[in-house]
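Letter by letter, the chains look like this.
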Amino acid sequence: MGNYLNSNTIKALEKLINYIKESKDYKECLKLKKVISENKELTKVINEVRVSQKKYVRSNFKEEEKRLMDEKLNLLNTNKTYTLYLYYLNNVNNMIELIKDELNDYFYKVTNIL
């Protein structure tokens, strides 16, 4: 597959990417990600949640594993840093999704000649 992006298209995409990267939400997300990575207790809980989620799936969704997983998730969701991170991450993901939707709509309008 060849490269179909000309320099104008690449510049337009770079503007969109820069818009996201310069947003308050993106910057806050990066800051909080760094804070989380430096917090050993919090990263331990995050890793415990991941392990617990895997155990739950591997257990074929047994109720006991779900209860253990939910306990760890509840603990994680009481951490203000983590919940703020999720809030900003969700906002960034929504920005990306909106751009993607607009591009899809544009392509549909341009290519839908019937």
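Look up: the structure comes first, before these words.
Residues numbered from 1 in each chain as written. Predicted model: local features only at pLDDT ≥ 70, side-chain atom pairs only at ≥ 80, totals over all residues. Heavy atoms only, no water.

*Asks:* What is the right way to look at the overall build of the protein in this model?
*Replies:* Assigned secondary structure in the protein consists of five helices and zero strands. When the helices and strands of the protein are read in sequence order from the N terminus, they spell out α-α-α-α-α. The globule rule puts the C-alpha radius of gyration for 114 residues at 13 Å, and the 20 Å found for the protein is more than 25% above it. Taken across its 114 residues, the protein has 18% of its residues classed as buried. Pairs at least 24 apart in sequence give 62% of the contacts found in the protein among residues at least 6 apart. In the structure as shown, the protein presents an accessible area of about 9,400 Å², 56% of it carried by carbon and sulfur atoms. Positive and negative side-chain charges in the protein, numbering 21 and 16 respectively, have mean positions lying 5 Å apart. (Helix = DSSP H or I, 4+ residues; strand = E, 2+ residues; numbered from the N terminus. Rg over C-alpha atoms; globule rule 2.2 N^0.38 Å. Buried < 20%, exposed > 50% of the residue type's maximum accessible area, 1.4 Å probe, protein only. Contact = heavy atoms within 4.5 Å. Areas by Shrake-Rupley, 256 points an atom, 1.4 Å probe, with all protein chains shown as cover. Lys, Arg positive; Asp, Glu negative; His and termini not counted. Charge placed at Lys NZ, Arg CZ, Asp CG, Glu CD.)

*Asks:* Looking at this model, I keep getting lost on helix α2 (residues 24-38). Mind explaining?
*Replies:* An α-helix turns once every 3.6 residues. As a result, residues three or four positions apart point the same way. The terminal C-alpha atoms of α2 lie 21 Å apart, and with 15 residues this matches the ideal 21 Å at 1.5 Å per residue to within 8%. Within α2, burial applies to D25, C29, L32 and I36. Looking straight down α2, one finds that the buried residues subtend no more than 75° of arc, so they occupy a single side. Turned more than 90 degrees away from the buried face of α2, the exposed residues are K31, K34 and E38. (Expected span 1.5 Å × (residues − 1). Arc of directions from axis to C-beta.)

*Asks:* Looking at this structure, I do not really get the nonpolar core. What am I missing?
*Replies:* Side chains that are nonpolar tend, in soluble globular proteins, to be buried together. Membership of the largest hydrophobic core is limited to 11 residues, which are C29, L32, I36, L42, V45, I46, V49, L76, Y82, Y85 and Y88. Counting only elements with at least two residues in this core, the list comes to α2, α3 (40-58) and α5 (80-111). For Y82, the contacting residues outside a window of four places in its chain are I36, L42, I46, L76 and N77. (Core = buried A, V, L, I, M, F, W, Y, C linked by side-chain atoms within 4.5 Å.)

*Asks:* Before we go on, may I ask you to explain unusual backbone geometry in this structure?
*Replies:* Look at N60: it is not a glycine, yet its phi comes out positive at around 65°. Among the structural elements, N60 can be located in the loop between α3 and α4 (63-77). N60 gets classed as exposed once you look at its relative accessible area, which sits at 63%. At F61, a residue that is not glycine, the phi angle is positive and equals roughly 65°. Tracing the sequence through the fold places F61 in the loop between α3 and α4. The exposure class of F61 is partly exposed, given its relative accessible area of 47%.

*Asks:* Sorry if this is basic, but what is going on with the side chain of S52 here?
*Replies:* As for its position among the elements, S52 is in helix α3. Exposure remark for S52: the relative accessible area of 5% places this residue in the buried category. In contact with S52, not counting residues within four places along its chain, are E65, L68, M69 and K72.

Note that all results are geometric; they support no functional claim without further evidence.
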